[in-house]
Amino acid sequence: MYQTIHIVLLIVSFGLLCSQLFVQQKKLVHLLFAAFCGSMAITAIKRLGGDGFGFYQYFLAMGACMTCNGGWLVARALFRQGRAILLRHILVAAAIALLMVSLQAMQLVQQFWPESQTLLASARVVCKELLILLSSAILMLTLWEGCRGYSQTHGAERWHRQLFLATYGGAIAICGVIAKIWLPAGGGRVTA
């Protein structure tokens, strides 16, 4: 089951990534969506390969640094008019990406320098807890972007928001709750 979920994730995310090549007039939302899909595909590849990638697994994980934060930027670009993404939004997304890259870098250092276990242990805990906190907040902010202004929408835009909320809310429920029940220990966390 675990492997099937990640194979489906890989196929869907890679297919959506490739579909962005055929968009004629690319906007910011298309580029952000491509980066998000690429990060999700990398996440699936890393999960499928696991320890088989050796120390390269940490570099792969560094490449998957635009998952929840990328989804949030995509949602802002989709549902807000005008200047949807400002410098402060980019800085928040970059902070989450930096935490993800830092956590993987610390694990990589630990592979080559096992004596660093005690030195890096506290830093890893802080980094991981901050990442969990910020990722969870960003997941909810992404959901909020679909809800924000919903009552003023009509027709196709309302349907678009309903589809987004159902799909995204379902993904959070499946990955954040159901996957932790069904998947083996350590494999259930699919966010961030």
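Residues numbered from 1 in each chain as written. Predicted model: local features only at pLDDT ≥ 70, side-chain atom pairs only at ≥ 80, totals over all residues. Heavy atoms only, no water.

Take the overall build of the protein next. Looking only at helices and strands, the protein features seven helices and zero strands. The order of α-helices and β-strands along the protein, N terminus first, is α-α-α-α-α-α-α. Expected size for 192 residues packed as a compact globule is a radius of gyration near 16 Å; at 18 Å, the protein falls within 12% of this value. Long-range pairs, those at least 24 residues apart, make up 64% of the contacts in the protein between residues at least 6 apart in sequence. A total accessible area of about 11,200 Å² is found for the protein, and carbon and sulfur atoms account for 71% of it. Between the mean site of the 15 positive side-chain charges and the mean site of the 5 negative ones, the protein shows a separation of 11 Å. (Helix = DSSP H or I, 4+ residues; strand = E, 2+ residues; numbered from the N terminus. Rg over C-alpha atoms; globule rule 2.2 N^0.38 Å. Contact = heavy atoms within 4.5 Å. Areas by Shrake-Rupley, 256 points an atom, 1.4 Å probe, with all protein chains shown as cover. Lys, Arg positive; Asp, Glu negative; His and termini not counted. Charge placed at Lys NZ, Arg CZ, Asp CG, Glu CD.)

In this section: the state of the cysteines. Scanning the model with the defined rule gives zero disulfides in all. Free of any disulfide, Cys18 has its nearest cysteine sulfur in Cys37, 9.6 Å distant. Its relative accessible area of 25% is what places Cys18 among the partly exposed residues. Distance from the sulfur of Cys147, which forms no disulfide, to the nearest cysteine sulfur (Cys68) is 18 Å. (Disulfide = S-S within 2.5 Å. Buried < 20%, exposed > 50% of the residue type's maximum accessible area, 1.4 Å probe, protein only.)

A word on the pattern of salt bridges. One pass over the structure, following the stated rule, counts three salt bridges. We note a salt bridge from Glu145 to Arg80, for which the minimum N-O separation is 2.8 Å. With a gap of 65 residues between them, Glu145 in helix H6 (residues 117-147) and Arg80 in the loop between helix H4 (68-79) and helix H5 (87-112) connect regions that are remote in the sequence. Members of the salt-bridge network, linked through shared partners, are Arg76, Arg80 and Glu145. (Salt bridge = Lys/Arg side-chain N within 4 Å of Asp/Glu carboxyl O.)

All right, on to the environment of Val101 then. Mapping Val101 onto the fold places it in helix H5. For Val101, a relative accessible area of 25% corresponds to the partly exposed category. Between the C-alpha atom of Val101 and that of Cys65, which follows or precedes it by 36 residues, the distance is 6.8 Å. Setting aside anything within four residues of it in sequence, one finds Val101 in contact with Met62 and Cys65.

Take Thr167: it is sitting in helix H7 (residues 155-182). Sequence separation between Thr167 and Gln57 is 110 residues, and the spatial gap between their C-alpha atoms is 29 Å. A polar side-chain atom of Thr167 sits 2.7 Å from the main-chain carbonyl oxygen of Leu163. (Polar contact = N/O pair within 3.5 Å; in protein donor to acceptor, adjacent residues only side chain to side chain.)

A few words on the packing of aromatic side chains. Applying the stated rule across the entire model yields six aromatic pairs. Note on Phe79 and Phe164: the rings are 5.0 Å apart at their centroids and 70° apart in plane angle, and the pair reads as edge-to-face. Of this pair, Phe79 sits in helix H4 while Phe164 sits in helix H7, and the two are 85 residues apart along the sequence. Take Phe79 and Phe164: they sit in the same class, and that class is buried. Put simply, the rings of Phe55, Tyr56, Phe59 and Phe112 touch in pairs and so form one group of aromatic residues. Against the face of Tyr150 rests Arg158, its NZ or CZ located 4.5 Å from the ring centre. (Phe/Tyr/Trp six-rings, centres within 6.5 Å; stacked < 30°, edge-to-face > 60°. Lys NZ or Arg CZ within 6 Å of the ring centre and 35° of its normal.)

With respect to the element layout, Arg76 can be found in helix H4. Arg76 gets classed as buried once you look at its relative accessible area, which sits at 7%. Here Glu145 takes part through its side chain, which lies 3.2 Å from a polar atom of the side chain of Arg76. Those residues in contact with Arg76 that lie beyond four places of it in its chain are Ala84, Ile85, His89 and Glu145.

Two numbers describe how H4 lies on H5: the axes approach to 9 Å, and their chain directions differ by 160°. In terms of their interaxial angle, H4 and H5 are classed as roughly antiparallel. As for how H4 packs across H5, the hand of that crossing is left-handed. Residues Cys68, Asn69, Trp72, Leu73 and Arg76 of H4 form the contact with H5, whose participating residues are His89, Val92, Ala93, Ile96 and Ala97. The class makeup of the residues in the contact of H4 with H5 is seven nonpolar, two polar and one charged. (Axes fitted to C-alpha atoms, helices over the stretch in contact; angles between N-to-C directions. Parallel < 35°, antiparallel > 145°, perpendicular 65-115°, else oblique. Left-handed = near helix turned anticlockwise from the far one by under 90°. Nonpolar A, V, L, I, M, F, W, Y, C, P; charged D, E, K, R; others polar.)

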